[in-house]
Amino acid sequence: MERSYSSLTVYFSSFTFRRNELFRISNIKGNYPQFFLEHADGIRRYIGNLEYLQTLNDASSLPSEIHMLHPHLETWETVFDYLVLSFEDKIA
């Protein structure tokens, strides 16, 4: 399965249309970086900013005992569980 990423330097005028489209999706302007996920059908989803991704990293590295006591903590696994399931469906 091929996975790729792209980065967009929003200061270049050639990216104005795409930048504005992503700002519309996230409903956030001027806060960088922003992370999006593009599904196979072309739909883009705003994931979060750098602080949010760092929070996911931190929470994901906590011991399982902490997760059991605080089930509301978001981790990579809880946030992206639906993706893992969809990948498993395609592999099976």
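This text follows the structure it describes.
Visitor: Report on the overall build of the chain, specifying residues and quantitative values.
Guide: For the chain, the helix and strand inventory stands at five helices and two strands. For the chain, buried positions account for 16% of its 92 residues. Contacts in the chain between residues far apart in sequence, at least 24 positions, make up 16% of those at least 6 positions apart. Split by element, the accessible area of the chain, about 7,400 Å² in all, is 56% carbon and sulfur.

Visitor: Give me the lowdown on the pattern of salt bridges, citing residues and values where you can.
Guide: Enumeration according to the criterion identifies two salt bridges in this entry. Residue Arg44 is joined to Glu21 by a salt bridge in which the shortest nitrogen-to-oxygen separation is 2.9 Å. Here Glu21 lies in helix α1 (residues 16-26) and Arg44 lies in strand β2 (residues 44-49), a separation of 23 residues in the sequence. Taking relative accessible area as the criterion, Arg44 reaches 22% and is therefore assigned partly exposed. In this structure Glu21 comes out as partly exposed when scored by relative accessible area, which is 22%. Among the ionic pairs, Arg44 bridges to Glu38, the shortest N-O distance being 3.4 Å. Look at Glu38 and you get partly exposed, because its relative accessible area is 46%. Salt bridges sharing partners connect three or more residues here, namely Glu21, Glu38 and Arg44.

Visitor: Before we move on, could you go through the nonpolar core and cite the residues and values that matter?
Guide: Note that soluble globular proteins tend to have their nonpolar side chains buried in a common cluster. Within the largest apolar cluster, six residues are counted, these being Ile47, Leu53, Leu56, Val79, Phe80 and Leu83. If we skip the residues at most four places from it in the chain, Leu83 touches Leu37 and His39.

Visitor: Hey, could you go over helix α2 (residues 50-60) for me, with residue numbers and the actual values?
Guide: Regarding α2, the residues found buried are Leu53, Leu56 and Ala59. Taken around the axis of α2, the buried residues stretch over an arc of 125°, which confines them to a single face. Turned more than 90 degrees from where α2 packs its buried face, Glu51 and Asp58 sit exposed. In this structure, the buried side of α2 is in contact with β1 (34-38), β2, α3 (64-69) and α4 (76-79). The distance from a side-chain oxygen at the start of α2 to the backbone nitrogen of Glu51 is 3.2 Å, and the residue carrying that oxygen is Asn49.

Cut-offs applied
Residues numbered from 1 in each chain as written. Predicted model: local features only at pLDDT ≥ 70, side-chain atom pairs only at ≥ 80, totals over all residues. Heavy atoms only, no water. Helix = DSSP H or I, 4+ residues; strand = E, 2+ residues; numbered from the N terminus. Buried < 20%, exposed > 50% of the residue type's maximum accessible area, 1.4 Å probe, protein only. Contact = heavy atoms within 4.5 Å. Areas by Shrake-Rupley, 256 points an atom, 1.4 Å probe, with all protein chains shown as cover. Salt bridge = Lys/Arg side-chain N within 4 Å of Asp/Glu carboxyl O. Core = buried A, V, L, I, M, F, W, Y, C linked by side-chain atoms within 4.5 Å. Arc of directions from axis to C-beta. Polar contact = N/O pair within 3.5 Å; in protein donor to acceptor, adjacent residues only side chain to side chain.

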